[in-house]
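# Descriptive structure summary
What follows is each chain in one-letter form.
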Amino acid sequence: AQSVTQLDSQVPVFEEAPVELRCNYSSSVSVYLFWYVQYPNQGLQLLLKYLSGSTLVKGINGFEAEFNKSQTSFHLRKPSVHISDTAEYFCAVSEPQGAQKLVFGQGTRLTINP
Amino acid sequence: KAGVTQTPRYLIKTRGQQVTLSCSPISGHRSVSWYQQTPGQGLQFLFEYFSETQRNKGNFPGRFSGRQFSNSRSEMNVSTLELGDSALYLCASSLVGGLNTEAFFGQGTRLTVV
């Protein structure tokens, strides 16, 4: 069985400051890793994904994440946030067979203050 | 290319009633997964359909059921509604299984049970 822990339920930061959203996972098999973003009253949008290869993954909107197998982590980072980044962010894992069954973390609410 | 379409967007039902939600996947996608999102439990996998067959199932009672049609459109049904079924129900579609690596989400149906 797989599980995902997002270590912070809320992260407030000032505009143009850097941010890191933390995610740890547990699995007995290799996994694919994802970060999704959810804006109010919307569905989920994929930010980035790690399947294999380079451990540093770049996504949309200036976000990037680093896969660390020894620490079973997949933290999301952005060097300078904007007001429009205010949203809820979800880390998720799936077995390599496909993304049809995702296991999500509890989410991190990112609030950007001017 | 049209995205994943879920109808209706909002729904209010009374305890004990049943409800049917609909999901039209992206053209060419044959896998449809359903998730329940609540403030307390977060995002939880309900089930996945592929080629009109349920292929994966989460830990939900039998009141939650689904089906998929030959055109890949999917419906989920909840019978004997309970207050705790109030949630955002998200549908996601992906390409044929195997090594597919991304799930595309609809905007969801917000169900309120009163």
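So, here's what we can say about the structure. (Residues numbered from 1 in each chain as written. Chains lettered and ligands numbered in written order. Predicted model: local features only at pLDDT ≥ 70, side-chain atom pairs only at ≥ 80, totals over all residues. Heavy atoms only, no water.)

## Concerning the overall build of chain A
Looking only at helices and strands, one finds zero helices and twelve strands in chain A. What you see in chain A, going N to C, is helices and strands ordered as β-β-β-β-β-β-β-β-β-β-β-β. Over its C-alpha atoms chain A spans a radius of gyration of 13 Å, differing by no more than 12% from the 13 Å that the globule rule assigns to 114 residues. Projecting the C-alpha coordinates of chain A onto the three principal axes gives extents of approximately 40 × 30 × 20 Å. Within chain A, the fraction of its 114 residues that count as buried is 46%. Put simply, 57% of the contacts in chain A that link residues at least 6 apart link residues at least 24 apart. Surface accessibility of chain A: about 5400 Å² in total, with carbon and sulfur atoms responsible for 50%. For chain A, the distance from the average site of its 8 positive side-chain charges to the average site of its 9 negative ones is 7 Å. (Helix = DSSP H or I, 4+ residues; strand = E, 2+ residues; numbered from the N terminus. Rg over C-alpha atoms; globule rule 2.2 N^0.38 Å. Buried < 20%, exposed > 50% of the residue type's maximum accessible area, 1.4 Å probe, protein only. Contact = heavy atoms within 4.5 Å. Areas by Shrake-Rupley, 256 points an atom, 1.4 Å probe, with all protein chains shown as cover. Lys, Arg positive; Asp, Glu negative; His and termini not counted. Charge placed at Lys NZ, Arg CZ, Asp CG, Glu CD.)

## Some thoughts on the sheet that holds strand 7 (residues 64-68) of chain B
Strands belonging to one sheet form pairs held by backbone hydrogen bonds; the direction of such a pair is parallel or antiparallel. Residues and elements named next belong to chain B. Pairing within the open sheet is antiparallel, and its four strands lie in the order 1-3-8-7. Across the chains shown, the open sheet's two edge strands, defined by having one partner strand only, are strand 1 (5-7) and strand 7. Taking each pair of neighbouring strands and ignoring which way they run, the sheet shows an average axis angle of 20 degrees. Bridge analysis of strand 3 (residues 19-24) against strand 8 (residues 74-78) gives five bridges, and the strand direction is antiparallel. Opposite Ser22, over in strand 8, you have Glu75 as the bridge partner. (Pairing = 2+ DSSP bridges. Axes fitted to C-alpha atoms, helices over the stretch in contact; angles between N-to-C directions.)

## Some points on the interface of chain A and chain B
With 21 residues of chain A at the contact, the number on the chain B side is 28 residues. For the pair chain A and chain B, the summed buried area comes to about 1900 Å², and 47% of that belongs to carbon and sulfur atoms. When residues of chain A are sorted by the area they lose upon contact with chain B, A:Leu44, A:Gln100 and A:Lys101 head the list and together hold 30% of the total. For the interface between chain A and chain B, the tally reads one salt bridge. Put simply, A:Lys49 and B:Glu102 hold a salt bridge, and the shortest N to O gap is 3.6 Å. At the boundary of chain A with chain B, the tally comes to five residue pairs in polar contact (both at pLDDT 80 or more). A total of four residues in the side of chain A that touches chain B trace back to one element, the largest contributor, which is strand 5 (residues 32-38) of chain A. The residue makeup of the side of chain A that touches chain B, split by class, is eleven nonpolar, eight polar and two charged. (Buried area = accessible area lost by both parts, 1.4 Å probe. Salt bridge = Lys/Arg side-chain N within 4 Å of Asp/Glu carboxyl O. Polar contact = N/O pair within 3.5 Å; in protein donor to acceptor, adjacent residues only side chain to side chain. Nonpolar A, V, L, I, M, F, W, Y, C, P; charged D, E, K, R; others polar.)

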